[in-house]
Amino acid sequence: FFMEKFYTCKYDRAFKEVFAKEENKDILSKLLESILKLEITEIKFLNLERNVDNVNIARKHLDLYLETNIGKVQVEINSSNRNYVKPRNMSYLCDIYSHHILRGEEYDEETLIIQINFSYGINNKEYIREYKLRDKDGNEYVKNFIIYEINMEKYMKIWYTKNEKEIESNKYLLMLNLELKDLEKLSNKDKVVSKYMSEIERVNENPEFREYMSAEEDNRKIQNSLRREAIEE
């Protein structure tokens, strides 16, 4: 099966097609555990559309929104480092936090409200940055509001260094942006990677998915061209 372009999970649509499925909760839990360092034993998919209760606010479409045994987890795929990305993602998480507080019987800090950003095009020195609400002395305002920013560019450098120990330790993050020929090298040693490879291959072979992605890329190129023309004028 010839594919002109292979779409990895750097693309949010591909990510959702793989991970937002009941039958793939096992590989999703392994991915989350590799970041959070906590055991994920329960996952429930929640409504990806936010602000549905307020007609005056533009609706937000999340990439992935989960109820787990450790709390609520929202996932965003940021394929570029545009200025709007962080404010947009912050608004998503604040909306989730406020809904959790309003619907609860009491104000608690035990339920974690987490956002995980798989970010490309950032220049952080760290592999993962963990953000919390705290003052300059490190005093936390609340302890259950957490943002993880995953520096995917830096992780991908691990693959190219060919350090087997580092690759093994970070394989569930690395697999997200590897093409088939590289995934095959990882899948021989790990059943999670093997299942992920089968799923991302299935997604890429789906004509409806490829039609959607082609249309989305074409629209993005048109918008970029119009923006450039406007700047030149």
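Quick note: structure is the one above.
Bear in mind that the values here come from a model prediction, so they are computed numbers and not experimental data. (Residues numbered from 1 in each chain as written. Predicted model: local features only at pLDDT ≥ 70, side-chain atom pairs only at ≥ 80, totals over all residues. Heavy atoms only, no water.)

Engineer: Explain the overall build of the protein chain to me, using residue names and the numbers behind them.
Structural biologist: Counting its secondary structure elements, the protein chain contains nine helices and eight strands. In terms of C-alpha radius of gyration, the protein chain reaches 19 Å, essentially the compact-globule figure of 17 Å for 233 residues. Its C-alpha atoms put the protein chain at 55 × 55 × 35 Å along the principal axes. Classification of the 233 residues of the protein chain by burial places 43% in the buried group. Long-range pairs, those at least 24 residues apart, make up 60% of the contacts in the protein chain between residues at least 6 apart in sequence. Here the protein chain carries 39 positive and 45 negative side-chain charges, and the mean point of each set is 4 Å from the other. (Helix = DSSP H or I, 4+ residues; strand = E, 2+ residues; numbered from the N terminus. Rg over C-alpha atoms; globule rule 2.2 N^0.38 Å. Buried < 20%, exposed > 50% of the residue type's maximum accessible area, 1.4 Å probe, protein only. Contact = heavy atoms within 4.5 Å. Lys, Arg positive; Asp, Glu negative; His and termini not counted. Charge placed at Lys NZ, Arg CZ, Asp CG, Glu CD.)

Engineer: Explain the nonpolar core to me, and be specific about the residues and the numbers.
Structural biologist: Formed by 52 residues in total, the largest nonpolar core has its most connected members in Phe15, Phe19, Ile116, Phe118, Leu176 and Tyr196. Among residues more than four places away in sequence, those in contact with Tyr196 are Cys9, Val18, Phe19, Ile27, Met175, Leu176 and Leu183. With 11 residues, the next largest nonpolar core counts Tyr65, Ile101, Ile113 and Phe145 among its residues. (Core = buried A, V, L, I, M, F, W, Y, C linked by side-chain atoms within 4.5 Å.)

Engineer: So, the packing of helix H1 (residues 12-19) against helix H2 (residues 25-36): which residues are in play, and what are the values?
Structural biologist: Where H1 meets H2, the closest approach of the two axes is 9 Å, and the angle between their N-to-C directions is 120°. By the angle between their axes, H1 is oblique relative to H2. Contacts between H1 and H2 involve Phe15, Val18 and Phe19 on the former and, on the latter, Ile27, Leu28 and Leu31. (Axes fitted to C-alpha atoms, helices over the stretch in contact; angles between N-to-C directions. Parallel < 35°, antiparallel > 145°, perpendicular 65-115°, else oblique.)

Engineer: Kindly report on the sheet that holds strand E5 (residues 71-78), identifying the contributing residues and their values.
Structural biologist: Taken together, six strands build an open sheet; the order of strands is E1-E4-E5-E6-E8-E7 and the sheet is mixed. Every interior strand has two partners, whereas the edge strands, strand E1 (43-45) and strand E7 (128-132), have only one. Each neighbouring strand pair of the sheet contributes to a mean axis angle of 20°, computed without reference to strand direction. Here five bridges tie strand E4 (residues 64-68) to E5, and the two strands are oriented antiparallel to one another. Within the sheet, the bridge partner assigned to Thr68 lies in E5 and is Gly71. The strands touched by helix H4 (residues 152-161) are strand E6 (112-119), E7 and strand E8 (145-151); relative to E8, the strand with the most contacts, the crossing angle is about 45°. (Pairing = 2+ DSSP bridges.)

Engineer: Which residues make up the environment of Ala14, and what values do they have?
Structural biologist: Within the secondary structure, Ala14 is located in helix H1. The spatial distance from the C-alpha of Ala14 to the C-alpha of Asn188 is 23 Å, given a sequence separation of 174 residues. The residues touching Ala14, leaving out its near neighbours within four places in the chain, are Tyr7, Thr8, Cys9, Ile200 and Phe209.

Engineer: How would you explain the pattern of salt bridges if you had to name every residue and give the values?
Structural biologist: Applying the stated criterion across every chain yields a total of 17 salt bridges. Salt-bridge contacts for Arg13 lead to Glu17; the nearest nitrogen and oxygen are separated by 3.2 Å. A residue pair is termed a helical-turn pair when its members lie 3 or 4 positions apart in one helix, as Arg13 and Glu17 do in helix H1 at four residues. Take Arg13: its relative accessible area is 27%, and that puts it in the partly exposed class. The class of Glu17 is partly exposed, set by a relative accessible area of 21%. The structure contains a network of salt bridges with shared partners spanning Glu130, Lys132, Arg134 and Glu140. (Salt bridge = Lys/Arg side-chain N within 4 Å of Asp/Glu carboxyl O.)

Engineer: Kindly report on the side chain of Lys171, identifying the contributing residues and their values.
Structural biologist: Here Lys171 shows up in helix H6 (residues 171-174). On the accessibility criterion, Lys171 (9% relative accessible area) is buried. Here Glu168 takes part through its side chain, which lies 2.7 Å from a polar atom of the side chain of Lys171. Ignoring any residue separated from it by four or fewer positions in sequence, one finds Lys171 in contact with Leu186 and Asp190. (Polar contact = N/O pair within 3.5 Å; in protein donor to acceptor, adjacent residues only side chain to side chain.)

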